[in-house]
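# Architecture and fold: a report
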Amino acid sequence: MKYKIGDLVTRNSYLNDIVFEITEIDEENEICYLKGCTVRLYADAMVDDLKLYEEKIDEKEFIEKSRVNIPADRDNYFYLPGKILHIDGDNDYLQKCLSYYNKCNLKAIGKLETEDQVANNMRDWLEEYNPNIVVITGHDAYYKKKGDINNNSAYKNSINFINSINEARRYEKSQEKLIIIAGACQSNYEELIKAGANFASSPKRINIHALDPAILAANMALTDISKDIDLKVLLDNTKYGISGIGGIKTKGTMYIGYPR
């Protein structure tokens, strides 16, 4: 076998656009199972379609551009950022997001749970942690052969995200008191918004970056509670902009006090 588990590869048939890690190999059928290194995507490919990726994945510039922090010049004010509960169906991406929050000087609670079980645990988590912001993400996919983009049955996990949003909204109806960021790659954007999410993926049914939900959450946590976020600027900070994520105008969650 030309490749081994853990190798980084791209797919020739997709113009080598996404870097994957090989997670499993079916040697008999010469198929490799893949997981996006930075994009929330599972895939498989024939060995002959793969190309070894030998460069270093360096997303420092993207992370630095999107990162938000409490102002260094505080002028004797103190800042109380919003509390984030981040629920993820993928541990690797969860850890990436928790690391990002840490870089933004934010504390976030991380929960690893399969997408189909999040709704069952949602109320307990909200009661225990009382977050200002909840992120509900993991993996999703749109299967064109199963139906059009308005059919929830044509998606891998959109209905699970919708059920989780519904549970969160039963707990807190106000979209100002509890900000919900939901969805993953190719999710049913319109239905997630209708269910009560403040922000959701994916308007153009494209793949999203692993950090995109965390970027939104961090910005909301560090925006003054009295101010509406600049929706266009916020979405432009994500990897794929409004093609990947959209949402509604929402106020921030950070309290500012005096004196420090």
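Criteria and cut-off values
- Residues numbered from 1 in each chain as written.
- Predicted model: local features only at pLDDT ≥ 70, side-chain atom pairs only at ≥ 80, totals over all residues.
- Heavy atoms only, no water.
- Helix = DSSP H or I, 4+ residues; strand = E, 2+ residues; numbered from the N terminus.
- Contact = heavy atoms within 4.5 Å.
- Areas by Shrake-Rupley, 256 points an atom, 1.4 Å probe, with all protein chains shown as cover.
- Lys, Arg positive; Asp, Glu negative; His and termini not counted.
- Charge placed at Lys NZ, Arg CZ, Asp CG, Glu CD.
- 1 Å grid on protein atoms, 1.4 Å probe; cavity = no way out; pocket = protein on both sides within 12 Å on 5 of 7 lines; lining within 4 Å.
- Points joined across faces, edges and corners; volume = space filled by probe spheres on them.
- Nonpolar A, V, L, I, M, F, W, Y, C, P; charged D, E, K, R; others polar.
- Core = buried A, V, L, I, M, F, W, Y, C linked by side-chain atoms within 4.5 Å.
- Buried < 20%, exposed > 50% of the residue type's maximum accessible area, 1.4 Å probe, protein only.

What follows deals with the overall build of the protein. Helix and strand content of the protein: 7 helices and 13 strands. Taking the principal axes of its C-alpha atoms as reference, the protein extends roughly 65 × 40 × 30 Å. For the protein, long-range pairs separated by at least 24 residues make up 63% of all intrachain contacts whose partners lie at least 6 apart in sequence. Here the protein displays about 13200 Å² of accessible surface, and carbon together with sulfur accounts for 45% of that area. In the protein, which carries 34 positive and 40 negative side-chain charges, the distance between the mean positions of the two groups comes to 6 Å.

Let us now look at the layout of surface pockets. In this approach a probe as big as a water molecule rolls over the atoms, and the regions it shows empty are the leftover space. Put simply, the largest pocket is a space of about 380 Å³. Residue lining of the largest pocket: 19 residues in total, with Arg11, Tyr14, Leu41, Tyr42 and Ala43 positioned closest to the centre. Of all the elements, strand β4 (residues 42-46) adds the most residues to the lining of the largest pocket, at 4 residues. Each residue belonging to the lining of the largest pocket can be placed in one class, and the counts come to 9 nonpolar, 4 polar and 6 charged.

Attention shifts here to the nonpolar core. Core analysis: the biggest nonpolar cluster contains 46 residues, and Tyr100, Tyr101 and Phe199 have the highest contact counts within it. With near-sequence residues (within four places) excluded, Tyr100 lies in contact with Ile63, Ser66, Arg67, Val68, Leu211, Ala214, Ile215 and Ala218. Formed by 22 residues, the second largest nonpolar core is a distinct cluster that contains Ile136, Ile162, Ala182 and Ala200.

Treat this as a map of the structure, not an account of what it does.
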